[in-house]
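# Fold and contact review
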Amino acid sequence: MRNLQVSKKPNQQLYLQIAEKVIGIIQSRRLQPHDPVPSEGELAKLFGVSRMTSKLALERLAEQGLVYRLPRRGTFLSAQQGEVSAKDAIEALREPAPVEEKQSKQIALVVPHLSDYTSKIIAAAEKEVRKHDCDLILKISKDKEDEDRCLQKLVDNGTDGIILFPQGRKTCSDQVLRLKLQQFPIVIIDRIFREVQIDCVYHDHFMGSYQMTKHLIEQGHREIGYTSNPIDNITSREERYQGYIQALLDHKIPVKVQYIHFRSVLCDPSRINESDPEQEQFLSENPQMTAVMGGDDYVAISTLYTALRMGISIPDKLSIVGFSDIHLSALTPIPLTTVRQDTEQLAQSAFNLLMKRVNHSNEKPITIKIQTSIVKRTSVLHREQEEIL
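The subject of this paragraph is the overall build of the chain. Counting its secondary structure elements, the chain contains 13 helices and 15 strands. Within the chain, the proportion of its 389 residues that are buried is 50%. Put simply, of all contacts in the chain between residues at least 6 apart along the chain, 71% involve residues at least 24 apart. As displayed, the chain has an accessible area near 19500 Å², and 48% of this comes from carbon and sulfur atoms.

Sheet analysis places strand β2 (residues 67-70) next to strand β3 (residues 74-77), joined by four bridges and oriented antiparallel. By the bridge assignment for β3, Leu-70 is matched with Gly-74. Counting the residues that bridge the hairpin from β2 to β3 gives three residues, and of these Arg-72 lies at a positive phi of roughly 65 degrees.

Another aspect to go through is the confidence of the model for the chain. Overall, the prediction assigns the chain a mean pLDDT of 88, with 89% of residues at 70 or greater. In this model, residues 1-12 is a region of pLDDT below 50 whose contacts with residues beyond four sequence positions or in other chains number 26 contacts.

A word on the sheet that holds β3. The strands that make up a sheet pair up through hydrogen bonds in the backbone, lying either parallel or antiparallel. One open sheet holds the three strands; their spatial order is β1-β3-β2, and the pairing between them is antiparallel. The sheet is open, and its two edges are formed by β1 (36-37) and β2, each paired on a single side.

Moving on, we come to the nonpolar core. Membership of the largest hydrophobic core comes to 34 residues, with the highest contact counts inside it found for Ile-224, Tyr-244, Leu-283, Met-289, Ile-314, Leu-318 and Ile-320. Of all the secondary structure elements, the ones that give two or more residues to this core are α8 (205-218), β9 (224-228), α9 (235-250), α10 (277-285), β11 (291-294), α11 (297-309) and β12 (319-321). In this structure, Val-129, Cys-134, Val-187 and Leu-346 belong to the second largest nonpolar core, which totals 25 residues.

Attention now moves to α11. An α-helix turns once every 3.6 residues. As a result, residues three or four positions apart point the same way. Between its terminal C-alpha atoms α11 stretches 18 Å, which fits the 18 Å expected from 13 residues at 1.5 Å a residue. Within α11 the residues assigned to the buried category are Asp-297, Val-299, Ala-300, Ile-301, Ser-302, Thr-303, Leu-304, Thr-306 and Ala-307. Buried positions along α11 lie against β9, α10, β11, β12 and β13 (338-340). Backbone geometry just after α11 places Gly-311 at a positive phi near 85 degrees.

The grouping of Leu-114, Leu-138 and Ile-140 at the surface amounts to a nonpolar patch, some 270 Å² of accessible area in total. Relative to the assigned elements, Ile-140 resides in strand β5 (residues 135-140). For Ile-140, a relative accessible area of 38% translates into the label partly exposed.

This paragraph deals with the packing of aromatic side chains. Under the definition given, this model contains seven aromatic pairs. Seen in terms of ring centroids, Tyr-117 and Phe-165 are 6.2 Å apart; in terms of plane orientation they differ by 75 degrees. Their pairing is edge-to-face. Linking Tyr-117 in helix α5 (residues 116-131) with Phe-165 in the loop between β6 (161-164) and α7 (174-181), this pair joins segments that are 48 residues apart in sequence. For Tyr-117, a relative accessible area of 11% gives the class buried. For Phe-165, a relative accessible area of 3% gives the class buried. Relative to Phe-262, the ring of Tyr-241 has its centre 5.1 Å away and its plane inclined at 75 degrees; by these criteria the two rings are edge-to-face. Of this pair, Tyr-241 sits in helix α9 while Phe-262 sits in strand β10 (residues 260-262), placing them 21 residues apart in sequence. Classification of Phe-262 by relative accessible area gives partly exposed; the value is 31%. Taken together, the ring pairs connect Tyr-226, Tyr-241, Tyr-244 and Phe-262 into an aromatic cluster.

The next thing to look at is helix α2 (residues 40-47). Residues of α2 that are buried include every one of Glu-40, Gly-41, Leu-43 and Ala-44, and no others. For α2, the buried positions fall inside an angular range of 165 degrees around the axis, keeping them on one side. Within α2, the exposed residues directed more than 90 degrees away from the buried face are Lys-45 and Leu-46. Looking at the buried side of α2, the elements it contacts are α1 (14-28), α3 (51-63) and β2.

Among all residues except glycine, the phi angle is most often negative; among peptide bonds, the trans geometry is most common. Cis geometry is found at the peptide bond from Ile-314 to Pro-315, where omega equals 5 degrees. Relative to the elements of secondary structure, Pro-315 occurs in the loop between α11 and β12. The backbone of Asp-325 shows a phi angle near 60 degrees, a positive value even though the residue is not glycine. With respect to the element layout, Asp-325 can be found in the loop between β12 and β13.

Cut-off values and rules
- Residue positions within a chain follow its written sequence, with the count starting from 1.
- With the structure being a predicted model, the display of local features is reserved for residues of pLDDT at least 70 and the display and counting of side-chain atom pairs for 80 or more, all residues being used for whole-chain, interface and lining totals.
- The basis for every side-chain value is the complete set of non-hydrogen atoms in the structure, without hydrogens or water.
- Per the convention used, a helix needs a DSSP run of H or I reaching at least four residues, while a strand needs a run of E reaching at least two, with both numbered from the N terminus.
- Whether a residue is buried, partly exposed or exposed follows from its accessible area with a 1.4 Å probe, protein chains only, as a fraction of its type maximum: under 20%, in between, or over 50%, in that order.
- Residues count as neighbours in contact if any of their non-hydrogen atoms are within 4.5 Å of one another.
- Computed by Shrake-Rupley with a 1.4 Å probe, the accessible areas treat only the displayed protein chains as cover when residues are assessed.
- At least two DSSP bridges between two strands are needed for those strands to be called paired.
- You can read pLDDT as the predictor saying how much it trusts each residue, on a scale of 0 to 100.
- Only buried residues count toward a nonpolar core. Its members are Ala, Val, Leu, Ile, Met, Phe, Trp, Tyr and Cys residues joined through side-chain atoms within 4.5 Å.
- Working rule for helices: expected span equals 1.5 Å times residues minus one.
- Residues qualify for a patch when their relative accessible area is over 30% and they have no salt bridge, like charges being joined within 9 Å and the nonpolar side chains of Val, Leu, Ile, Met, Phe, Trp and Tyr within 5 Å.
- Any carboxyl oxygen of Asp or Glu within 4 Å of a side-chain nitrogen of Lys or Arg constitutes a salt bridge here.
- Centres within 6.5 Å make a pair out of two Phe, Tyr or Trp rings, where for Trp the six-membered ring is used; the pair is then stacked when the planes are under 30 degrees apart, edge-to-face when over 60, and tilted otherwise.
- Here the arc refers to the directions that run from the helix axis out to each C-beta atom.

The structure is reproduced here in structure tokens:
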């Protein structure tokens, strides 16, 4: 092979450019038939591209008969390559790939835990990928380090794209940043990383909380408390709290610090039907509250059970609302009014955005907000004007 000229046409697909560069490596190293060709990982590091791009490049070379690939062993120069000129090899690359039976794309969903909410997301995502003849790979990360391992393994195994519900983090993980820099298709759901521009789809937590607080105000409540798990830099919790505050301010209702309670430890979902000491203290110290908003349904349900065990009548003495509309919220002794998050729309939007990236869309990072709605049940009392006065 002689006089290799690697094409640098700007509109040429990236993986074809990498394939041409591999031909250059074969020539410069004077590889002989059956000699190993650089692996996907080596090419990704060498040219600063994703492993998926490297994989596509090697697969294209294999389609043209220039190399052959052995599972778990690598890629090797084929016997015919030594008889093919560099010019002919590159021209062959630019010809349309042979038509083969279409293979389903592998779409991964990584979630931080299995709960009522994430189960809904999983079901909605599975329904969505089936509609588009794709396969869903599910990973449940144990912690931040395990999340990074899951992401890397999915990329190494040739996954076409990833939808990630991240672990609670202060900032975007280094692993996610690497995937973004490599232009690997990844969409974040239910979280925002403000320090980096990356595709994300999340519910409008701020407006959901704002509308729920407004609903309580419209029902005649003025002494409205707020109780939540610690924010811990989780944007969804932060925005729900901000929505509560903004609704009070917009309706000229004083924000009372004593009415705001952030738990010192996370609410335990397995014990929400028991009296909780933290919630009990919060309610005991603020008997003048007529309504309380929970930062999520688990905290709201825990508050409801605690109030009932304290002899506080729900909703006659205290109205309680939540956020998320988990399955249990409709099954409590007094069914819970809450904010519903549309998981089907979340999954659909995330999948459609991910497929744009899988199909090599070069648009700037996109953020999609999914609107919420209020589910009215019996845990809220409408207070008459004379009661307020």
